Number of protein chains: 2
Amino acid sequence: MTITATDSALHRARTQFRDDLIARGILVPSGIDGLYGRGAIFEDVIELIDGLVVSAGRAAHGDDLRRLRFPPVFPREAFEKTDYIASFPNLTGAISTFTGDNRAHRTLLADREAGNDWDHHLASAGTMLVSAACHPSYSTLTGTLPSDGVLLDVYGYCFRHEPAVDPARMQAFRMHEFVRVGTPEQARTHREDWIPRALGVLDELQLAADDVIANDPFFGRAGKMLAANQIDENLKTELVVRLYGDLDEGTAVVSCNCHQDHFGSTFQISTADGDVAHSACVGFGMERIALAMFATHGLDVGGWPARLRSLLP
Amino acid sequence: MTITATDSALHRARTQFRDDLIARGILVPSGIDGLYGRGAIFEDVIELIDGLVVSAGRAAHGDDLRRLRFPPVFPREAFEKTDYIASFPNLTGAISTFTGDNRAHRTLLADREAGNDWDHHLASAGTMLVSAACHPSYSTLTGTLPSDGVLLDVYGYCFRHEPAVDPARMQAFRMHEFVRVGTPEQARTHREDWIPRALGVLDELQLAADDVIANDPFFGRAGKMLAANQIDENLKTELVVRLYGDLDEGTAVVSCNCHQDHFGSTFQISTADGDVAHSACVGFGMERIALAMFATHGLDVGGWPARLRSLLP
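As the structure is a prediction and not an experimental result, all values here were calculated from the model. (Residues numbered from 1 in each chain as written. Chains lettered and ligands numbered in written order. Predicted model: local features only at pLDDT ≥ 70, side-chain atom pairs only at ≥ 80, totals over all residues. Heavy atoms only, no water.)

Q: Which residues make up the relation of the copies chain B and chain A, and what values do they have?
A: It takes a turn of 180° to lay chain B on chain A, together with a shift of 0.0 Å along the axis; the resulting RMSD is 0.0 Å. In symmetry terms, the pair is related by a two-fold rotation axis. Closest approach to the rotation axis among the C-alpha atoms of chain B is made by I95 of chain B, whose C-alpha sits 2.4 Å away. A shared interface surface links the copies, since 98% of the contact residues of chain B are contact residues in chain A too. (Least-squares fit on C-alpha atoms with pLDDT ≥ 70 in both. Contact = heavy atoms within 4.5 Å.)

Q: So what's going on with helix α7 (residues 184–204) of chain B? Which residues, and what values?
A: All names here are of chain B. With 21 residues, α7 should reach 30 Å at 1.5 Å per residue; the first-to-last C-alpha distance of 31 Å fits that figure. Taken as a whole, α7 carries its principal kink of about 30° at W194; the proline P196 stands between one and four residues after it. Those residues of α7 not exposed but buried are A187, H190, R191, W194, I195, A198, V201 and L202. Looking one or two places after α7, you find Q206, whose phi comes out positive at around 60°. (Helix = DSSP H or I, 4+ residues; strand = E, 2+ residues; numbered from the N terminus. Expected span 1.5 Å × (residues − 1). Bend = angle between axes of the 7 residues up to and from the residue. Buried < 20%, exposed > 50% of the residue type's maximum accessible area, 1.4 Å probe, protein only.)

Q: Let's hear about the packing of aromatic side chains: which residues, and what values?
A: On inspection of all chains with the given rule, the structure shows 26 aromatic pairs over all chains. Consider the rings of W118 of chain A and F79 of chain B, whose centres lie 6.4 Å apart with planes at 40°: the pair is tilted. Placement of the pair is W118 of chain A in the loop between α5 (102–113) and β6 (123–129) and F79 of chain B in helix α3 (residues 76–81), with the two residues belonging to separate chains. As far as burial versus exposure is concerned, W118 of chain A and F79 of chain B are alike and both buried. Between F178 of chain A and F284 of chain A, the aromatic rings sit 6.4 Å apart at their centres with planes inclined by 75°, giving edge-to-face as the arrangement. Taken together, the residues F178 of chain A in strand β9 (residues 172–182) and F284 of chain A in strand β14 (residues 278–285) connect sequence positions 106 residues apart. We classify F284 of chain A as buried; its relative accessible area is 0%. Here a set of aromatic residues connected by ring pairs shows up, and it is made of F74, F79, Y84, F88 and F218 of chain A together with W118 of chain B. The positively charged end of R76 of chain B is found above the aromatic ring belonging to W118 of chain A, 4.4 Å away from the centroid. The positively charged end of R197 of chain B is found above the aromatic ring belonging to W194 of chain B, 5.0 Å away from the centroid. (Phe/Tyr/Trp six-rings, centres within 6.5 Å; stacked < 30°, edge-to-face > 60°. Lys NZ or Arg CZ within 6 Å of the ring centre and 35° of its normal.)

Q: Outline a positive patch on the surface, listing residues and values.
A: On the surface, a cluster of positive charge is made up of R103 and R106 of chain A together with R221 and K224 of chain B. Among the elements of the structure, α5 of chain A together with α8 (220–232) of chain B are those that each provide at least two residues to the positive patch. Among the structural elements, R103 of chain A can be located in helix α5. (Patch = residues over 30% accessible without salt bridge, like charges linked within 9 Å, V, L, I, M, F, W, Y side chains within 5 Å. Areas by Shrake-Rupley, 256 points an atom, 1.4 Å probe, with all protein chains shown as cover. Salt bridge = Lys/Arg side-chain N within 4 Å of Asp/Glu carboxyl O. Lys, Arg positive; Asp, Glu negative; His and termini not counted. Charge placed at Lys NZ, Arg CZ, Asp CG, Glu CD.)

Q: Can you explain the pattern of salt bridges? Please cite residues and give values.
A: Under the criterion given, the structure shown has 32 salt bridges over all chains. Close ionic contact of D44 of chain B with R67 of chain A constitutes a salt bridge, the shortest N to O distance being 3.0 Å. With D44 of chain B in helix α2 (residues 40–61) and R67 of chain A in strand β3 (residues 65–69), this pair bridges two chains. You can call D44 of chain B buried: its relative accessible area is 17%. R191 of chain B is the salt-bridge partner of E192 of chain B, the closest N and O atoms lying 3.1 Å from each other. The exposure class of E192 of chain B is partly exposed, given its relative accessible area of 37%. For R191 of chain B, a relative accessible area of 2% translates into the label buried. Each of R38, E43, R174 and E287 of chain A takes part in a single network of salt bridges with overlapping partners.

Q: Go over the domain arrangement of chain A with me, naming the residues and quoting the values.
A: Residues and elements named next belong to chain A. Each domain of chain A was delimited in the assignment, giving domain 1 (21–82 + 131–311) and domain 2 (94–129). Centre-to-centre, using C-alpha coordinates, domain 1 lies 34 Å away from domain 2. Each partner contributes to the interface: domain 1 provides eight residues, whereas domain 2 provides six residues. Of the roughly 720 Å² buried where domain 1 meets domain 2, counting both sides, 68% is carbon and sulfur surface. At the junction of domain 1 and domain 2, the tally comes to zero salt bridges. At the junction of domain 1 and domain 2, the tally comes to four residue pairs in polar contact (both at pLDDT 80 or more). By residue number, the principal contributor to the side of domain 1 that touches domain 2 is strand β4 (residues 73–75), which donates three residues. Broken down by class, the residue content of the side of domain 1 that touches domain 2 amounts to six nonpolar, one polar and one charged. (Domains from an automatic or database assignment. Buried area = accessible area lost by both parts, 1.4 Å probe. Polar contact = N/O pair within 3.5 Å; in protein donor to acceptor, adjacent residues only side chain to side chain. Nonpolar A, V, L, I, M, F, W, Y, C, P; charged D, E, K, R; others polar.)

Q: Explain the environment of G283 of chain B residue by residue, including any values.
A: Residue and element names in this part refer to chain B. As for its placement among the helices and strands, G283 is situated in strand β14 (residues 278–285). The spacing of G283 and L91 is 192 residues in sequence and 18 Å in space, taken between C-alpha atoms. Not counting residues within four places of it along the chain, the set of residues in contact with G283 comprises M175, H176, E177, V253, V254 and S255.

Q: Pulling in residues and values, what's your account of the sheet that holds strand β8 (residues 150–159) of chain B?
A: Taken in spatial order, the nine strands of this open sheet run β1(A)-β2(A)-β3(B)-β8(B)-β9(B)-β14(B)-β12(B)-β11(B)-β10(B), and their pairing is mixed. Because the sheet does not close on itself, it has two edges, and the strands there are β1 (27–29) of chain A together with β10 (209–213) of chain B. Going across the sheet, the axis of each strand differs from the next one's by a mean of 25°, ignoring polarity. Where strand β12 (residues 251–260) of chain B meets β14 of chain B, six bridges bridge the pair, whose relative direction is antiparallel. What sits directly across from S255 of chain B, in β14 of chain B, is G283 of chain B. Where α2 of chain B meets the sheet, its contacts fall on β3 (65–69), β8, β9 (172–182) and β14 of chain B, and the angle it forms with β9 of chain B comes to roughly 5°. Sheet strands in contact with α7 of chain B are β8, β9, β10, β11 (236–241), β12 and β14 of chain B, and its direction is about 15° off that of β14 of chain B. (Pairing = 2+ DSSP bridges. Axes fitted to C-alpha atoms, helices over the stretch in contact; angles between N-to-C directions.)

Following this line, the structure appears as structure tokens:
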């Protein structure tokens, strides 16, 4: 990889931003890239943002939204049904544990004592880390949907193994999503309608955002085709905010996605008419929006615009 | 294992409770034991409980509490420093991911296609699941504490691999903790003072609770000695509520623990006087308290005592 002057300035800007956040106690370092404790102020800002996200969801959907919360791990069986290990193997988090007896445990401890790796003493725990907040929800919808389909409000921690200096690329972060499962038209409309609504939320937060057609980071050579196809079919729109000025093209803080019949066919979800259900989601990247707030309005929330300060808990 | 009449009645009671919670949409099944989605009412009850936990923390410690939030995964290096893999290997969650190239990925996919296990294509991701909310906090305290020590408020998801029918034994659950790190006296006092305070919180929730001297579920033969020692030294007090009447001895919903110098010496934390710091914590098991509420006051929150209903969000 060639390091150009811009790459280098970008790397410096990211490192500086991270170090400033840590110096203020907004983030707390864990010793590895992309994993941080969150200080009280960071969490207050998350709460501020979430208040506006929830309000936008209520304004759009009223009581039709079904609130569901999932833990950060979900069954391997549901994971296996998707093609995630084919498309994003490098971001995956598989969970293993020790299932042996006393004797096997002594062997593990002996290896550990000798400074050897001890992972091979573990076995799959039957679970995976959640990589997008909505993933655990689809297996709960197997069967026939009500005539209006369903609208879900899901919010939870996601994991993606991509250690980076940029504080906006965390290994563990929260995503608040509104998910539509129903007819192709309902799914398409959900995605289209949420682009201006989500821009509205970012506008209330006084963030300058643009919507761009985007693609997921599919793995490897085969992934290039999948990415090109996703762009051709206009299935993913990201809302981006510039955290580092002109040093890069901005950071995606919201993602609006059409899944077509991907989850409907994988999890055998039918519309009331018996067709394979389509789905779409809008996902608010809570940590990234919070970081965009600090980058835009400053690290001292006391100096933020009065309207924003009034929304802090 | 001998199944006695009581075991069997207890198993039936647990199964019935779980099925009733699912039938009401309070919990949503994931397909494996101990992992559930949470419905809106369950989350409202969690919020109700957390309001009282936060109030009790503020009443006891005012502004001395430092609020910190950690994601559900933390660095393997910090995990390795503790003896968790020696004491609780069977509860551990180690995270692995794919770090290979295109060719290695094709081999993984070929194994998967053939119905073979594909875990051996993965490598450690350098992270572990958090098993107690306070665990990630100690590595952030390495060094010398301020003269009054520190008081932390931590709240997050924990993972323990112990699949069970009993909904009160989840694989992923939230724990809200108040942690004291300082002199031996400060740590001891924290634990002792929080027993009546936590009983007060449960009393406000109109739950009948008892405090009992307890031990952690240390693994294997060597673990028996550790457990006996923990009881002898009176290092762990659990507050238990009976979810299943007289069918068992109750479910631990709060845990008050003295760690002595365990974390202080492991993470090289010193008091202002240069001694090894001691620590103690009180942990509120949020899911278990919520389930105790449903078991005690009924599955229909509309029928709960007026005082409790008034606290719902």
